[in-house]
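Residues per chain are reported as follows:
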Amino acid sequence: MAKIVIVGAGSVGVTIAYTLQLSGTATEIILIDRDKEKAQGEALDMSHGLPFVPPVRISAGDYPDCADASVIIITAGARQKQGESRRELVDRNADICKSIIDNIMCYTTSAVLLMVTNPVDVMTFVALTHSHLSPGQVIGSGTVLDSARFRYLISRHCDIDPRNVHAYVLGEHGDSEVLLWSQVRLGGTPLETFCCRCARGCGPINKTMIEEDVKKAAYKIIAAKGATNYGVALATSRIVSALVRNENSVLTVSTLLTGQYGISGCCMSVPCIVHSRGIERIIETELHAEETAALRRSASLLREMCERFG
Ligand code: NAD
């Protein structure tokens, strides 16, 4: 049985609920929001689709519902306004996350906490230090979404199914994130080799443009429609599936680093093995020197913000 609680029934929270409803991953989904009427309306709307999807119960609830949850997803809080960076949300959302964690801890210490609220790496650190749970049990959605954006853009350039493109973004879910070009593989073939042998004549991939598109994706979507919700919801559902199905999947979730890659004192995304109890372990992959340096720069920016909540 997989009971999933989502705290924050705004556009990200309800889209996560909807993707979970379609995927059949959960047996029960509970929506908690300070606006109880909105949570009830969203749950009722989704419940009317139940004859068309795998069985799942969906309802609005409150913190006592966390007692027997497998995963608690936190999406509550302010979102970026047009032109605003994720880091600018830190103080507002840290207070909200702390009060939510206090409420959750009254009812469970066994669920995995999955942070989505931005800036997600700092919120993961806040949730970890405030809850006193084990580091593996508190995860941030991190750069699972950014890695998907990276894979999508490479797949478009190479005209390959994005599921056959393996590519990772590490570091901050934000402006300082690091695209690991050295690790890109298409069906097991390194990108450079793939492009050299490709007869389509499109020329070398424009790395600068792809980096810009991955890093600025959220700004572009927010300018166009006010918020991002579908990509993050699918990325979060992917993490939930790894947790609930005990998949041992390698995902770039945000976690506390304690010396890996020469980094400690902050949460950020690195490849992790995700199983039913959260993060089983961190993978330390081979990086090029400039990728390691960029990752450490990203870490020092995050550490500066995390230190205030340590
Ligand atoms: P939204 O404004 O649509 O929804 C936020 C919801 O949180 C609202 O329903 C509000 O009532 C609720 N809320 C606020 N304080 C609360 C509290 N103390 N207790 C319970 N509920 C509370 O915002 P959104 O677009 O859904 O975005 C939510 C968060 O997700 C933002 O911080 C946004 O930046 C973040 N986000 C993260 C990613 C990612 O990849 N990690 C992607 C997109 C958005």
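Here's what I pulled together on the structure shown here. (Residues numbered from 1 in each chain as written. Predicted model: local features only at pLDDT ≥ 70, side-chain atom pairs only at ≥ 80, totals over all residues. Heavy atoms only, no water.)

**What about the sheet that holds strand 7 (residues 165–166)?**
Turning to step 1, where the next piece is worked out: Spatially, three strands are ordered 7-10-11 in an open sheet, and the strand pairing comes out antiparallel. Each end of this open sheet is capped by a strand with a single partner; those strands are strand 7 and strand 11 (189–190).
Turning to step 2, where the next piece is worked out: As paired elements, strand 7 and strand 10 (residues 185–186) share two bridges and run antiparallel to each other. Paired with His 166 across the two strands is Arg 185, which belongs to strand 10. (Pairing = 2+ DSSP bridges. Helix = DSSP H or I, 4+ residues; strand = E, 2+ residues; numbered from the N terminus.)

**With respect to the layout of surface pockets**
Turning to step 1, where the next piece is worked out: Counted as a void, the largest pocket has a volume near 970 Å³.
Turning to step 2, where the next piece is worked out: Residue lining of the largest pocket: 37 residues in total, with Leu 145, Ser 147, Ala 148, Arg 149 and Tyr 152 positioned closest to the centre.
Turning to step 3, where the next piece is worked out: Taken together, the elements giving at least two residues each to the lining of the largest pocket come down to helix 5 (144–158), helix 7 (207–215), helix 8 (217–225), helix 9 (230–244) and strand 12 (249–251).
Turning to step 4, where the next piece is worked out: If you tally residues by element for the lining of the largest pocket, the top one is helix 5, at 10 residues. (1 Å grid on protein atoms, 1.4 Å probe; cavity = no way out; pocket = protein on both sides within 12 Å on 5 of 7 lines; lining within 4 Å. Points joined across faces, edges and corners; volume = space filled by probe spheres on them.)

**Some points on the side chain of Thr 25**
Turning to step 1, where the next piece is worked out: Here Thr 25 lies in the loop between helix 1 (11–23) and strand 2 (28–32).
Turning to step 2, where the next piece is worked out: For Thr 25, a relative accessible area of 9% puts it in the buried group.
Turning to step 3, where the next piece is worked out: A distance of 2.6 Å separates the side chain of Thr 25 from the side chain of Ser 23, its partner in a polar contact.
Turning to step 4, where the next piece is worked out: The residues touching Thr 25, leaving out its near neighbours within four places in the chain, are Ala 2, Leu 20, Val 240, Ser 241, Val 244 and Arg 245. (Buried < 20%, exposed > 50% of the residue type's maximum accessible area, 1.4 Å probe, protein only. Polar contact = N/O pair within 3.5 Å; in protein donor to acceptor, adjacent residues only side chain to side chain. Contact = heavy atoms within 4.5 Å.)

**Here's the deal with the site of the ligand**
Turning to step 1, where the next piece is worked out: Neighbouring the ligand are 24 residues, the closest being Val 12, Asp 33, Thr 75, Ala 78 and Val 116.
Turning to step 2, where the next piece is worked out: Ala 78 has a polar backbone atom sitting 2.6 Å from an oxygen atom of the ligand.
Turning to step 3, where the next piece is worked out: When the ligand sits alone it has 870 Å² of accessible area, and the protein chains cover 87% of it.
Turning to step 4, where the next piece is worked out: Most atoms of the ligand, that is more than half of them, are within 2 Å of grid points of the second largest pocket.
Turning to step 5, where the next piece is worked out: For the shell around the ligand, the secondary-structure elements that each account for two or more residues are helix 1 and helix 3 (90–105).
Turning to step 6, where the next piece is worked out: Residue contributions to the shell around the ligand peak at three residues, all from helix 3.
Turning to step 7, where the next piece is worked out: The class makeup of the residues in the shell around the ligand is 11 nonpolar, 10 polar and three charged.
Turning to step 8, where the next piece is worked out: Residue assignment places the shell around the ligand across two domains, with domain 1 (2–140) and domain 2 (144–309) each supplying three or more. (Near = heavy atom within 4 Å. Areas by Shrake-Rupley, 256 points an atom, 1.4 Å probe, with all protein chains shown as cover. Sits in = over half its atoms within 2 Å of the grid points. Nonpolar A, V, L, I, M, F, W, Y, C, P; charged D, E, K, R; others polar. Domains from an automatic or database assignment.)

**Brief notes about the nonpolar core**
Turning to step 1, where the next piece is worked out: Among the nonpolar cores identified, the biggest contains 84 residues, and Ile 6, Val 7, Ile 72, Ile 73, Val 122 and Val 253 are the most heavily contacted of them.
Turning to step 2, where the next piece is worked out: When residues of this core are assigned to domains, at least three fall in each of domain 1 (2–140) and domain 2 (144–309).
Turning to step 3, where the next piece is worked out: Those residues in contact with Val 7 that lie beyond four places of it in its chain are Ile 32, Tyr 63, Ile 72, Ile 73, Ile 74, Thr 75, Ala 76 and Ile 100.
Turning to step 4, where the next piece is worked out: If you look at the next biggest cluster of nonpolar residues, it comprises 15 residues, including Val 165, Ala 167, Trp 181 and Ile 210. (Core = buried A, V, L, I, M, F, W, Y, C linked by side-chain atoms within 4.5 Å.)

**Looking at empty space enclosed by the protein**
Turning to step 1, where the next piece is worked out: Under the definition given, this model contains one cavity of 30 Å³ or more.
Turning to step 2, where the next piece is worked out: Its boundaries defined by the atoms lining it, the largest cavity holds a volume of some 40 Å³.
Turning to step 3, where the next piece is worked out: Lining the largest cavity, in full, are Ser 85, Arg 86, Arg 87, Glu 172, His 173, Gly 174, Asp 175 and Tyr 219.
Turning to step 4, where the next piece is worked out: Classifying every residue of the lining of the largest cavity by side-chain character gives one nonpolar, three polar and four charged.
Turning to step 5, where the next piece is worked out: Per-domain counts for the lining of the largest cavity show at least three residues from each of domain 1 (2–140) and domain 2 (144–309).

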